[in-house]
Amino acid sequence: LGTYFGIPDIEKMNTPRPLCTIATLLLIFVALPQCTPFFIPVRYSGRFSPPLIQASIKPPTTDASLLQELNSTFSYPDRITTQTPSFRCGYVSILGLPNMGKSTLMNAILNEKLCAATPLPQTTRHSILGILTTKDTQLLFLDTPGMIADPAYRLQSAMMNQVQSSLRDADVVIFVTSVDNDELPAEEEMKELHRKSVIVVLNKVDLADDDLQIQNRVSALREVFGDAAILILPVCAKHQSEDSGVIALKEILLGGEDVSARLRDVGRPYEGMFREGRQGMDDDEARGLIPLGPPLYGNEELTDRSERFLASEMIRQAIFLTLKKEVPYCCEVQIESFKDYDDILKIMAVVYVERDSQKGIVIGKQGAQIKKIGIKSRGVLEPFFEKQVHLNLAVKVESDWRKKDDRLKEFGYVPKKK
C-alpha cells in the first residue's frame, strides 16, 4: 500500500506499527468504499458497512435517460437543449474522388446552394459543414475535397488532411462515386471506410446507357465494400431535392417513418444494393445509424461558416465556371470588406493568382472576363442573401501561394498554431 501511494520504503519510516495498522484498516474499510464507483460496484455487509459508506449498485443508464439527466442538471446561457429523449445528432461525412458530385449531393439534401459546385474536378477545397435539423434529428454534413492519392503541392496536402479528419469524425460516411467512374480511394482510406457505417451513392445514373451498366457498377461496388456498405443507392444529384434517390437517402439518415416506401420509389432494386441476405432496409435500421444526443446547433442554423466565407466560395465558383481550364486552380478569393445594409450588400473581394500572366487572363481584354465573373457571382449571391449585391473585384499576384504554409494559413487551409 505504501508503494502504491508513493511511499516506496515504508519500513524506514518512524511511524509506530500499531498506528500503521490502524491507518491500513481505515483505508480498507472507510476510504476504499467511498472510491468504489470508480472501480467496481460493491456493497459491504455486516458491522463494517454503515449507511454512510455503502456503495450502491445503480441501474444501467441508457442514452435517453442520460440525456434527460444532463438537460435537467446543467444550465447556462444559450445552451441548446431538447425535450425529446430520443433526439439523435451525428456527423455524416460526404467523401469520394474528385468530380463525383459530392457538393451537388449536399446541396440537394439541404435544398440550398451552400457549396461551390462546378463540372470541374477539385472545386471544393475546404470541408464545409451543412446542418439539417428536424423535430427529432440533427444531421451535420461535411462536404469534403476530392480524395487525391498523391498530392502535388502543399494546398492539396492540406485538403487531404481535411478529408482524413472528416473520415475519423464521421458517424456515417456517404461515399460518392459515379456510374462512369470505377476508380477507388487509396488503400489506407479504404481500410478506414470499412470501419465505418457506409452508404455508397452511385451518382450520375442519368449518364448510364442502360440498366445493365448500373447493375454492373452496383455489383462491382458490392464486391469491393462487402457488408461494410449498408446500402448502394443509385442517385442523380443534379436533379436536386426532387430526385427519388436523394429523397430516399435523406429519409434514411433522418430515420423517417417509411424508409421502405422511399426505397421503392427509387425503382426496382438492383442485385447487391443491400447487404447479403437482405431485401431492403427498415425504419429501425435507419434510425440506428445516427446516435442519440442533443443538438449541437440551433434549429435555424445552416452552417458554421461565416457569410464572408460563403460569399468567397460563390465568387470562386463563378471563376471556375467562367475561366475553366487550369487558371481557376491558381485562384483564391478573399473578402476584404463585407457591409450588410437593409436593402443592399456591399462586398469588396480580392482574387489572388500566382503569375502576372494569370492576372491578365482573369481580368480579360478591357476587363471583359472580370465583368463576367462579377455578373455570375451576383447571380448566386443575390438569391442566397435575398437582397441586391454591389460587388467590387480586384486581382492581385501572390507568387506560388499554393506551396507556401504562411499563405495557406492566412487563407484558412492550414490551422494556425495556438
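Residues numbered from 1 in each chain as written. Predicted model: local features only at pLDDT ≥ 70, side-chain atom pairs only at ≥ 80, totals over all residues. Heavy atoms only, no water.

Participant: Please clarify how helix α10 (residues 307-323) should be interpreted in this entry.
Facilitator: Three- or four-residue spacings in an α-helix give side chains the same orientation, since the helix completes a turn every 3.6 residues. Taking 1.5 Å per residue, 17 residues should reach 24 Å; α10 reaches 24 Å between its end C-alpha atoms and fits that length. Among the 17 residues of α10, 14 are classified as buried, and the element is accordingly described as predominantly covered. Positive backbone phi, approximately 55°, marks K324, located one or two places after α10. (Helix = DSSP H or I, 4+ residues; strand = E, 2+ residues; numbered from the N terminus. Expected span 1.5 Å × (residues − 1). Buried < 20%, exposed > 50% of the residue type's maximum accessible area, 1.4 Å probe, protein only.)

Participant: Teacher, can you tell me more about the environment of N203 here?
Facilitator: For N203, the position within the fold is in strand β5 (residues 197-203). With relative accessibility at 4%, the residue N203 sits in the buried group. For the pair N203 and K102, spaced 101 residues apart in sequence, the C-alpha to C-alpha distance is 9.0 Å.

Participant: Would you mind showing me how to read the pairing of strand β3 (residues 137-143) here?
Facilitator: In regular strands, side chains alternate between the two faces of the sheet. Here β3 lies mainly inside the structure; seven of its seven residues are buried. Alternating positions in β3 separate into two faces, T137, L139, F141 and D143 on one and Q138, L140 and L142 on the other, with burial throughout. In this structure, strand β2 (residues 128-133) lies alongside β3, joined through six bridges in antiparallel fashion. Residue pairing across strands places I128 opposite D143, the latter belonging to β3. (Pairing = 2+ DSSP bridges.)

Participant: Looking at this structure, how should I read the packing of aromatic side chains?
Facilitator: Between two aromatic rings, the relevant description is the distance of the centres plus the angle of the planes. According to the stated counting rule, one finds seven aromatic pairs in the structure shown. Look at W401 and F411: their rings are 5.5 Å apart centre to centre, the planes differ by 75°, and that puts the pair in the edge-to-face class. Taken together, the residues W401 in the loop between β9 (388-397) and α13 (405-410) and F411 in the segment after α13 connect sequence positions 10 residues apart. Grouping residues by exposure puts W401 and F411 together as buried. (Phe/Tyr/Trp six-rings, centres within 6.5 Å; stacked < 30°, edge-to-face > 60°.)

Participant: Would you take a moment to explain the pattern of salt bridges for this structure?
Facilitator: A side chain with one charge can pair with a side chain of the opposite charge if their charged atoms come near. On inspection of all chains with the given rule, the structure shows 16 salt bridges. For K191, the salt bridge identified is with E187, shortest N-O distance 3.7 Å. On the criterion of helical spacing, the pair formed by K191 and E187 is a turn pair, its members being four residues apart in helix α5 (residues 187-193). A salt bridge links K387 to D340; its shortest N-O distance comes to 2.6 Å. One end of the pair, K387, is in the loop between α12 (368-385) and β9; the other, D340, is in strand β7 (residues 332-340), and 47 residues separate them in sequence. Taking relative accessible area as the criterion, D340 reaches 43% and is therefore assigned partly exposed. Linked by salt bridges that have partners in common, E187, E188 and K191 make up one network. (Salt bridge = Lys/Arg side-chain N within 4 Å of Asp/Glu carboxyl O.)

Participant: Would you mind going over unusual backbone geometry with me for this structure?
Facilitator: Most peptide bonds take the trans configuration, and most residues that are not glycine carry a negative phi. The backbone phi angle of N111 is positive, close to 60°, even though this residue is not glycine. Despite not being glycine, E386 has its phi angle at roughly 60°, a positive value. Structurally, E386 is set in the loop between α12 and β9. For E386, a relative accessible area of 70% puts it in the exposed group.

Participant: Looking at this model, I keep getting lost on helix α6 (residues 211-225). Mind explaining?
Facilitator: Taking 1.5 Å of rise per residue, the 15 residues of α6 would be expected to cover 21 Å, and the 21 Å separating its terminal C-alpha atoms lies within 8% of that figure. Of the surrounding secondary structure, the elements contacted by the buried residues of α6 are β4 (172-178), α5, β5 and β6 (229-234). After α6 finishes, the residue G226 shows a positive phi value of roughly 60°. (Contact = heavy atoms within 4.5 Å.)

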